[in-house]
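# Close look at the chain arrangement
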Amino acid sequence: MTYKKKPSWLRMPSRGSEEAAKVRSILRKYSLDTVCRQAMCPNLGHCFGRGTATFLILGNQCTRSCRYCAIERSEGVLAEPDINEPLRLAEAAAEMKLSYVIITSVTRDDLPDGGAGHFARTVEAVRKMIPVARIEVLTPDFRGSEEALKVIADAGPDVFNHNLETVERLFPDVRPEAYYRLSLEVLESYGRLSPSTPRKSGLMLGLGETKSEIRSSLEDLREKGVTMLTLGQYLQPSRSHWPVDRYVTPEEFDAWKDEALSMGFVSVASAPLVRSSFHADEQ
Ligand code: SF4
């Protein structure tokens, strides 16, 4: 499998800044991981340089194997959630002076609650440590469990994010253990559980979807009451991952932003290097 040559607009921001080094040392000090590093995010240097990061809880091995994802798939029994992780994360966020804290995780289908309790304890620890900070959770689908979603809603994050990642037709190939309709239900259920909490979702473009499929997915998200959206370019982490079908131009991302805003999305980040948490504090 050959890589498609990347266009100029996918030039990655620098990685070397002093601020980025400080973020790395804080993460090491508190033995914390980030999806930025595990998912090989192209913006790592830029975001760390801004003093931000997206914390990855519940370990760095996943019970699923989405074909676009660089995170390691678990082969054996995974460790129980680390009960000290919520406090360590809150302390790291405080030391990083974060005003917007993003918490995500791998999917833990091996846990009875899918890790929802650990998510909630982490939100509560951050809330206690930095009362003024806004907290965004980017969660798995918890196999659609309303009980798990209620545990998170009760913890009261400021933004609930669950990504569709791609269009319905591509799910069986690209996200074999996930279901498009189930992910929409998760976003809808959370709206019932916490009507005032903004819901966010995102898609990667360039995996082989058509424009009308993208439009249908945006309409589906709006129908479920999602108001915040991210659209970014899919980048192939390795030759064994799903191939890039096309590189979407910045102009097309701008057009999608306009179209999404006209559909009623309140906040849209749409550009080649946009990721779920990219400049989320500004969204
Ligand atoms: S569920 Fe999430 S972390 Fe797991 S493989 Fe899929 S995208 Fe990666």
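Up top you'll find the structure we're talking about.
Before going into details, it helps to say that this report is about the structure given with it. (Residues numbered from 1 in each chain as written. Predicted model: local features only at pLDDT ≥ 70, side-chain atom pairs only at ≥ 80, totals over all residues. Heavy atoms only, no water.)

## Considerations on the nonpolar core
- Formed by 75 residues in total, the largest nonpolar core has its most connected members in Phe55, Val101, Ile103, Leu203, Leu218, Leu221 and Leu229.
- No other element matches helix H5 (residues 116-129), which puts six residues into this core.
- Look past the residues within four positions of Ile103 in its chain and what remains in contact with it is Phe55, Ile57, Leu89, Phe119, Thr122, Val123, Val126, Ile135, Glu136, Val137 and Leu138.
- Ranked by size, the runner-up nonpolar core spans five residues in total, among them Tyr100, Val159, Met228 and Ala280. (Core = buried A, V, L, I, M, F, W, Y, C linked by side-chain atoms within 4.5 Å. Buried < 20%, exposed > 50% of the residue type's maximum accessible area, 1.4 Å probe, protein only. Helix = DSSP H or I, 4+ residues; strand = E, 2+ residues; numbered from the N terminus. Contact = heavy atoms within 4.5 Å.)

## Section: the pairing of strand S10 (residues 267-270)
- The alternating pattern of S10 places Ser267 and Ala269 on one face and Val268 and Ser270 on the opposite face, and all of these are buried.
- In this sheet, S10 lies alongside strand S9 (residues 228-233) in parallel orientation, the contact comprising four bridges. Across the sheet, Leu231 pairs through a bridge with Ser270, a residue of S10.
- With respect to chirality, the unit in which S9 leads through helix H10 (residues 250-263) into the neighbouring parallel S10 is right-handed. (Pairing = 2+ DSSP bridges. Right-handed = clockwise from strand over helix to strand, strands pointing away.)

## Describing the pattern of salt bridges
- For the coordinates displayed, the defined rule picks out 18 salt bridges.
- Note that Lys29 and Glu95 form a salt bridge whose closest N and O atoms lie 2.8 Å from each other. With Lys29 in helix H1 (residues 18-29) and Glu95 in helix H4 (residues 85-95), this pair connects stretches of sequence that are 66 residues apart.
- When its relative accessible area of 29% is taken as the criterion, Glu95 is described as partly exposed.
- For the salt bridge of Arg169 with Glu213, the shortest nitrogen-to-oxygen distance reads 2.4 Å. Separated by 44 residues along the polypeptide, Arg169 in the loop between strand S7 (159-161) and helix H7 (171-174) and Glu213 in helix H9 (residues 211-223) bring together distant segments of the chain.
- Through salt bridges with shared partners, a single ionic network connects Arg64, Asp109, Asp141 and Arg143. (Salt bridge = Lys/Arg side-chain N within 4 Å of Asp/Glu carboxyl O.)

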